[in-house]
Amino acid sequence: MVVAAEVPTLFYPCVGLVMLDIASHWVHVHASSLRPGGKKSHKDVADSRYFLLRLYYSNRAFMGVCCVSCEVLYLAIHAATAAPGGVGGVLGIPKSILPIVGKSVSINLPSMPSWMGMGSVGGAWPRTLSLGAFDTVAKQLCVAALPGFAMKQFANWCQLMGSSRALAAYEFEREEEEKAGGAEGEDEAVAAGGKKRR
């Protein structure tokens, strides 16, 4: 949230990613607790349809890289936006070793769907994210952390989708059981001599 306050163009993406993280974990824990027999842990995803989610929860090193990458990216963005004389201004790997160092990089971001209302906030969702030259340690850390960060966000998305499907299946099964239980109760009343009401 600090990055969202310091870099106004990243406000909505940062808030959206925090919401995705919280929602995906909450729905996943809730869905895990409702399954018959229950799972020992919400991290038991052996039956998940998503390979990345199974890898994320079964391989602690992979999970660690993804989680650390997220935190490093946020801290590096914070450092990169700090005053030039501060920690964000420390020069990184020289151009002779890493050719991308002298280049200015801009990333075109996908536009938000109109139903999300982001356009009505005065164009708050950025169309382009300009990163400038990768000449400082902070900016180079941003680039190094991006793959792990992206995999963590995709794992969150997979977790939210899989858990939402599991919740929907649970509700469907429960409604079917209630309907079957209600029909059996009416049949038993008729068999006992009662009249079936319409």
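Shown above is the structure to which this text applies.
For clarity, every value in this text was computed on a predicted model and none was experimentally measured.

Q: How do you make sense of the overall build of the protein when you look at a structure like this?
A: From N to C terminus, the protein includes 5 helices and 2 strands. Each helix and strand of the protein, placed in order from N terminus to C terminus, yields the pattern α-α-α-α-β-β-α. Across the 198 residues in the protein, those meeting the buried criterion constitute 28%. Within the protein, counting contacts between residues at least 6 apart in sequence, those at least 24 apart form 67% of the total.

Q: For this particular structure, what's the right way to read the state of the cysteines?
A: A disulfide bridge is the covalent bond that connects two cysteines by way of their sulfur atoms. Considering all chains together, one arrives at 0 disulfides under this definition. Left without a disulfide partner, C66 is nearest to the cysteine sulfur of C67, which lies 6.7 Å away. Accessibility expressed as a relative area gives 1% for C66, which makes it buried. Unpaired in terms of disulfides, C70 finds its nearest cysteine sulfur in C67, a separation of 6.7 Å. Accessibility expressed as a relative area gives 5% for C70, which makes it buried.

Q: Help me understand the side chain of S163, please; the structure alone is not making it clear to me.
A: Within the secondary structure, S163 sits in helix α5 (residues 137-191). A relative accessible area of 4% means that S163 is categorised as buried. Residues contacting S163, with those up to four places away along its chain left out, are V27, H28 and A31.

Q: Before we go on, may I ask you to explain the environment of V137 in this structure?
A: Tracing the backbone through its elements, the reader meets V137 in helix α5. Given a relative accessible area of 34%, V137 falls into the partly exposed group. The spacing of V137 and A79 is 58 residues in sequence and 9.2 Å in space, taken between C-alpha atoms.

Q: Is there a simple way to think about the packing of aromatic side chains in this case?
A: Here a ring pair, both rings aromatic, is described through the centre-centre distance and the interplanar angle of the planes. Tallied over the full model, the rule gives 3 aromatic pairs. When the ring of F11 is compared with that of Y12, the centres are 5.2 Å apart and the planes differ by 85°; the resulting orientation is edge-to-face. Overall, the relative accessible area of 36% leaves F11 in the partly exposed class. By relative accessible area, which is 24% here, Y12 ends up partly exposed. Both rings, one in Y56 and one in Y57, keep their centres 5.1 Å apart while their planes meet at 85°; by these two values the pair is edge-to-face. Taken as a pair, Y56 and Y57 share a single burial class, namely buried.

Calculation rules
- Residues numbered from 1 in each chain as written.
- Predicted model: local features only at pLDDT ≥ 70, side-chain atom pairs only at ≥ 80, totals over all residues.
- Heavy atoms only, no water.
- Helix = DSSP H or I, 4+ residues; strand = E, 2+ residues; numbered from the N terminus.
- Buried < 20%, exposed > 50% of the residue type's maximum accessible area, 1.4 Å probe, protein only.
- Contact = heavy atoms within 4.5 Å.
- Disulfide = S-S within 2.5 Å.
- Phe/Tyr/Trp six-rings, centres within 6.5 Å; stacked < 30°, edge-to-face > 60°.

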